[in-house]
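Okay, here's what each chain looks like letter by letter:
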Amino acid sequence: MRACAPGLADGVAFSHVTAARWWRLPLPSDLEQLDGLDVMTRSGSGQPLRRGLRGHRGVESRAVVRDGSVVLVEVADTWCDLGDLGRRRLGVEDLVVAGDAAVTRIDEAAGVTRAESVGRQVLAETLRRRVRPRGAVALRQALLLVRPGVRSAQESRTRVVFHEAGLPEPEVNAVIADRAGCWLAEGDLVWRQQRVVAEYQGEVHADRRRRSADASRRGLLVDEGWSVHEVWAEDLASWGRRAALVLRVRRSLGL
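Residues numbered from 1 in each chain as written. Predicted model: local features only at pLDDT ≥ 70, side-chain atom pairs only at ≥ 80, totals over all residues. Heavy atoms only, no water.

**Student:** Could you clarify how one ought to interpret the overall build of the protein in this entry?
**Tutor:** When helices and strands are counted, the protein shows 10 helices and nine strands. Taken over the C-alpha atoms alone, the protein extends approximately 65 × 35 × 35 Å along its principal axes. By the burial criterion, 45% of the 255 residues in the protein qualify as buried. Put simply, of all contacts in the protein between residues at least 6 apart along the chain, 55% involve residues at least 24 apart. Per element, the accessible surface of the protein, about 13300 Å² overall, is 50% carbon and sulfur. Of the charged side chains in the protein, 40 are positive and 34 negative; the average position of the first set lies 4 Å away from that of the second. (Helix = DSSP H or I, 4+ residues; strand = E, 2+ residues; numbered from the N terminus. Buried < 20%, exposed > 50% of the residue type's maximum accessible area, 1.4 Å probe, protein only. Contact = heavy atoms within 4.5 Å. Areas by Shrake-Rupley, 256 points an atom, 1.4 Å probe, with all protein chains shown as cover. Lys, Arg positive; Asp, Glu negative; His and termini not counted. Charge placed at Lys NZ, Arg CZ, Asp CG, Glu CD.)

This is the structure:
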């Protein structure tokens, strides 16, 4: 990307998948591995014809930022542009995942805490300014589910699974205290009233020492009357395992 940047004309910015990668917005694997670069020009100008470039128009209506020689579409506009790719490339769940990450990037740049988050508002305002954007329905559906404070794509996907199953919305990365009010743990997805927590177990949790620490923490939570559900990548990838996960959590919630 940096190697290509000096050869681009003025008024051209990296966009879409290329910009999403720059902003560390999680994408489906086929897009993560997509060859070539997305570049955006003004609406009335020609598109770059160089091999390996995918051309788009409309940069004049996007916010852009420069990092050294690299000019690219800002993160909120990049999220909206992902809707251009259509539901076959990014479904609503994928847009929620990317939107959660976009909110994190916006809040980091603004230097605000999760409680003060402005990221979702920025996404909403950016989408509102678009005139008949492609993928508007999917983007609006995703925006309703975008939340601040999410730390991983799989946490986002887990939350969407529970939402689609009609479960109450959990708190995200919430602090759990014991009965004395002392810090006990931080849960990925927490239903505080029902004392239920779901914890996504990524690769980092496979380490023996980490598993030992997780087991100790789970024991403390159980001792305090919490139901703890571990969520693995396979639970999200298989419809059967998704259904089983939802059933277990639903029972713990008393639904």
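Having seen the structure, we can now continue with the description.
**Student:** What should I look at first to understand the nonpolar core in this one?
**Tutor:** As a rule of thumb, nonpolar side chains are buried together in soluble globular proteins. Counting 37 residues, the largest nonpolar core has L25, L27, W79, L82, L95 and L123 as the members making the most contacts within it. Secondary-structure elements contributing two or more residues to this core are α1 (16-22), β2 (37-41), β5 (70-73), α3 (75-82), α4 (92-110), α5 (119-129) and α6 (136-143). Not counting residues up to four positions away in its chain, the partners in contact with L27 are V17, A20, R21, E32, L82 and L90. (Core = buried A, V, L, I, M, F, W, Y, C linked by side-chain atoms within 4.5 Å.)

**Student:** I tried to follow the packing of α3 against α5 on my own but got confused; where do I start?
**Tutor:** The relative placement of two packed helices is expressed as an angle between their axes plus a distance between the axes. Running from N to C, α3 and α5 point in directions that differ by 60 degrees, and their axes come no closer than 9 Å. Classified by the angle between their axes, α3 and α5 sit oblique to one another. The two elements α3 and α5 cross, and the hand of that crossing is right-handed. Each of A76, D77, W79 and C80 in α3 lies in contact with α5, whose residues at this interface are V122, L123, T126 and L127. (Axes fitted to C-alpha atoms, helices over the stretch in contact; angles between N-to-C directions. Parallel < 35°, antiparallel > 145°, perpendicular 65-115°, else oblique. Left-handed = near helix turned anticlockwise from the far one by under 90°.)

**Student:** Would you mind showing me how to read the packing of aromatic side chains here?
**Tutor:** Aromatic ring pairs are reported here in terms of the distance separating the ring centres and the angle at which the planes meet. A full pass over the atoms with the stated rule returns one aromatic pair. Ring centres of F162 and W191 lie 5.4 Å apart, and the angle between their planes is 70 degrees; this geometry places the pair in the edge-to-face category. With a gap of 29 residues between them, F162 in helix α7 (residues 153-164) and W191 in strand β7 (residues 183-191) connect regions that are remote in the sequence. Residue class for F162 comes out buried when judged on its relative accessible area of 0%. (Phe/Tyr/Trp six-rings, centres within 6.5 Å; stacked < 30°, edge-to-face > 60°.)

None of this, on its own, says anything about what the molecule does.
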